[in-house]
Amino acid sequence: MGRQRLFIMYCLVLIVVALNIIEAATAATIFEVGGSLGWTVPPNTSYYATWASSKTFAVGDTLEFKWNSTHNVLEVTTKAEYDGCTKSNGVLKETSPTVINVTAGTHYFICSIGTHCVNGQKLAVTSVGSANTPTTPPGSSALPTSSVVLPAILSTTAISFLVIFVI
Ligand SMILES: *[C@@H]1O[C@H](CO)[C@@H](O)[C@H](O)[C@H]1NC(C)=O
Ligand SMILES: *[C@@H]1O[C@H](CO)[C@@H](O)[C@H](O)[C@H]1NC(C)=O
Ligand SMILES: *[C@@H]1O[C@H](CO)[C@@H](O)[C@H](O)[C@H]1NC(C)=O
């Protein structure tokens with residue numbers, strides 16, 4: 001294989017890698033809460049914690065609560081309210097589907113109907129930072145991932161070019 005063809009193939013690989021990194025950094029995920037079960041009284045009280053523990057929630061993702069029978073989504077304000085299934089505070093959504101934008105920090109959702117929360121219909125979601133919307137305060141030195149990765153790939157390409165054609 002000639003050097004020129006090798007170089008072109010190398011560039012194509014780098015471009016694909018770069019596009020994948022940018023895609024991964026910017027794509028928002030829609031989470032169907034509870035998976036195929038949806039938002040209901042679960043078979044056991046650890047069901048939604050287990051569901052959430054297998055996911056990574058980023059700022060900009062969305063949570064979709066879907067239910068058929070009598071349920072709702074009350075976003076309570078503290079962990080104590082979440083732990084105690086306290087129904088007196090928070091933002092209540094009563095129509096399915098309820099779509100919630102994931103923002104920074106931990107958010108607590110319960111169903112405020114009857115004993116549903118006590119029986120496990122509750123969800124806590126903690127978000128991680130996203131490349132698109134850095135949670136670091138202005139003036140800090142942290143940069144979004146894509147603005148670091150892209151120049152790195154471009155300079156690697158330039159150096160490879162020199163190595164292949166000059167040496
Ligand atoms: C609601 O009912 C429909 C039709 O029976 C079913 O396909 C769907 O999975 C149910 N959704 C939830 C969240 O229970
Ligand atoms: C809770 O229920 C789910 C779904 O049926 C099951 O996969 C999981 O093992 C159960 N967890 C416990 C602690 O029983
Ligand atoms: C969620 O984000 C979308 C898209 O940015 C926006 O249109 C919508 O109003 C937001 N919803 C809430 C409840 O903030």
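Since the model is a prediction, treat every value here as computed from it, not as a measurement. (Residues numbered from 1 in each chain as written. Chains lettered and ligands numbered in written order. Predicted model: local features only at pLDDT ≥ 70, side-chain atom pairs only at ≥ 80, totals over all residues. Heavy atoms only, no water.)

A. Geometry of the site of ligand 1. What surrounds ligand 1 is the set Gly38, Lys66 and Asn68. In this structure, an oxygen atom belonging to ligand 1 sits 2.3 Å away from a side-chain N or O atom of asparagine 68. Contact with the protein chains covers 33% of the free accessible surface of ligand 1, which is 360 Å². (Near = heavy atom within 4 Å. Polar contact = N/O pair within 3.5 Å; in protein donor to acceptor, adjacent residues only side chain to side chain. Areas by Shrake-Rupley, 256 points an atom, 1.4 Å probe, with all protein chains shown as cover.)

B. Broad picture of the sheet that holds strand β6 (residues 98–101). Ordered by their spatial adjacency, 3 strands build an open sheet running β1-β3-β6, and the pairing between neighbours is mixed. Bordering the open sheet on either side are β1 (30–32) and β6, each of which pairs with just one other strand. Direction aside, neighbouring strands of the sheet carry axes that sit 25° apart on average. Examined bridge by bridge, β1 and strand β3 (residues 62–65) share 3 bridges and lie parallel to one another. Within the sheet, the bridge partner assigned to phenylalanine 31 lies in β3 and is leucine 63. (Pairing = 2+ DSSP bridges. Helix = DSSP H or I, 4+ residues; strand = E, 2+ residues; numbered from the N terminus. Axes fitted to C-alpha atoms, helices over the stretch in contact; angles between N-to-C directions.)

C. Local environment of the confidence of the model for the protein chain. Residues at a pLDDT of 70 or more form 66% of the protein chain, whose mean pLDDT is 80. The low-confidence segment residues 131–148, where pLDDT is below 50, has 14 contacts with residues more than four positions distant or belonging to other chains. (pLDDT = per-residue confidence, 0-100. Contact = heavy atoms within 4.5 Å.)

D. Spotlight on the nonpolar core. One finds Val33, Trp39, Phe57, Leu63, Phe65 and Leu123 to be the most contacted residues of the largest nonpolar core, which totals 17 residues. Broken down by secondary-structure element, the contributors of at least two residues to this core are α2 (47–53), β3 and β8 (122–128). In this structure, Leu74, Cys85, Tyr108 and Cys117 belong to the second largest nonpolar core, which totals 7 residues. (Core = buried A, V, L, I, M, F, W, Y, C linked by side-chain atoms within 4.5 Å. Buried < 20%, exposed > 50% of the residue type's maximum accessible area, 1.4 Å probe, protein only.)

E. Structural view of the sheet that holds strand β5 (residues 91–93). As summarised here, the arrangement of the 5 strands in space is β2-β8-β7-β4-β5, forming an open sheet in which the pairing is mixed. With partners counted over all chains shown, the strands left at the sheet margins are β2 (57–58) and β5, one partner each. Summarising the sheet, strand β7 (residues 106–110) and β8 pair through 5 bridges and their orientation is antiparallel. Among the inter-strand pairings, tyrosine 108 is bridged to a residue of β8, identified as alanine 124.

F. Inspection of the pairing of β3 at higher detail. Of the two faces of β3, the one holding Thr62 and Glu64 and the one holding Leu63 and Phe65 are both buried throughout. In terms of strand pairing, β3 meets β6 through 4 bridges, oriented antiparallel. Looking at β6, one finds that glutamate 64 is bridged to valine 99.

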